[in-house]
Amino acid sequence: MNRITSAAANTQLLGRILKTQERFQETSIQVSTEKKSQDYEGVYTDSRFLITTENQRDLLKRYIANNKQVDMRLEVQETTLTAISKTITDFRKQLNDFRTGNPRTEVEFEAIQDNAFTALKAMSALLNTVVDDRYLFSGARNTELPVNLDLTTLSEFQST
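Just so you know, these numbers come straight off a predicted model, no measurement behind them.

Definitions and cut-offs
Residues numbered from 1 in each chain as written. Predicted model: local features only at pLDDT ≥ 70, side-chain atom pairs only at ≥ 80, totals over all residues. Heavy atoms only, no water. Axes fitted to C-alpha atoms, helices over the stretch in contact; angles between N-to-C directions. Helix = DSSP H or I, 4+ residues; strand = E, 2+ residues; numbered from the N terminus. Parallel < 35°, antiparallel > 145°, perpendicular 65-115°, else oblique. Contact = heavy atoms within 4.5 Å. pLDDT = per-residue confidence, 0-100. Salt bridge = Lys/Arg side-chain N within 4 Å of Asp/Glu carboxyl O. Buried < 20%, exposed > 50% of the residue type's maximum accessible area, 1.4 Å probe, protein only. Expected span 1.5 Å × (residues − 1). Arc of directions from axis to C-beta. Polar contact = N/O pair within 3.5 Å; in protein donor to acceptor, adjacent residues only side chain to side chain. Patch = residues over 30% accessible without salt bridge, like charges linked within 9 Å, V, L, I, M, F, W, Y side chains within 5 Å. Areas by Shrake-Rupley, 256 points an atom, 1.4 Å probe, with all protein chains shown as cover.

(A) How the structure looks around the packing of helix α2 (residues 44-100) against helix α3 (residues 106-127). Here α2 crosses α3 at 170°, and the two axes come no closer than 10 Å. In terms of orientation, α2 lies roughly antiparallel with respect to α3. Along the contact surface, α2 presents T80, A83, I84, T87, I88, F91, Q94, L95 and F98, while α3 presents E108, F109, I112, N115, A116, A119, A122, M123, L126 and L127.

(B) Layout of the confidence of the model for the chain. Confidence in the prediction for the chain averages 85 pLDDT; 95% of positions are at 70 or higher. Helix α4 (residues 154-159) is the least confidently modelled element of the chain, averaging 74 in pLDDT, while α2 averages 91, the highest of any element.

(C) Local environment of the pattern of salt bridges. Within the structure shown, the criterion is met by three salt bridges. Here D58 makes a salt bridge to R57, at a shortest N to O gap of 3.2 Å. Take R57: its relative accessible area is 42%, and that puts it in the partly exposed class. Between D97 and K93 there is a salt bridge, with its nearest N and O atoms 3.4 Å apart.

(D) Representation of α3. With 22 residues, α3 should reach 32 Å at 1.5 Å per residue; the first-to-last C-alpha distance of 31 Å fits that figure. The complete set of buried residues in α3 reads I112, A116, F117, A119 and S124. Projected down its long axis, α3 shows its buried positions confined to an angular sector of 160°, all on one face. Turned more than 90 degrees away from the buried face of α3, the exposed residues are V107 and A125. Looking at the buried residues of α3, the elements they touch are α2 and α4.

(E) The side chain of T129, seen in detail. Relative to the assigned elements, T129 resides in the loop between α3 and β1 (130-131). Judged by its relative accessible area of 17%, T129 is buried. Polar side-chain contacts of T129 include one of 2.4 Å to the backbone oxygen of L126. Sequence-distant contacts of T129, defined by excluding residues within four places in its chain, comprise V76, T80, R134, Y135 and L136.

(F) Quick peek at the side chain of N128. Structurally, N128 is set in the loop between α3 and β1. Every residue in contact with N128, bar those within four places of it in the chain, is listed here: Y135, L145, P146 and V147.

(G) Spatial organisation of a nonpolar patch on the surface. On the surface, L13, L14, I17 and L18 cluster together to form a nonpolar patch covering roughly 380 Å² of accessible area. Looking at where L14 falls in the secondary structure, it is placed in helix α1 (residues 2-33).

(H) The environment of A116, seen in detail. Here A116 shows up in helix α3. The exposure class of A116 is buried, given its relative accessible area of 19%. Separated by 104 residues in sequence, A116 and Q12 place their C-alpha atoms 98 Å apart. Apart from residues lying up to four places away in sequence, A116 is in contact with F91 and F157.

Here it is as structure tokens:
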């Protein structure tokens, strides 16, 4: 019985020795050639991991770039809306001042109309803000002018 047990243990031990020698031989070849494998089969899993990682990196870079672009647009929109709000507030103050004056002259009427026209042109210009060759406030049609008043003079404004 001793020989049967020894033969099985001997065979198993010999298999482990051969596996160790095979791994040593592969590692020696990798060190001497400075290559992971001598054929593409040996680098398949590593190359697949590398390609997947590079694709993920590129995807994340595009995501970050898109976020920066959207953030910039939002900042410009915020600045524009603040300027529009200030324009409206200033004109509302001028209108309230005009309303409180009892005897109004023709010059005051012309001045308030001119102020209204100026405020309208200023808001029109602000709403036509362009960033990255796109109109910010034109909705889905970002290549079309969002506000087109076709008014150049006060008399055109008054007639409209």
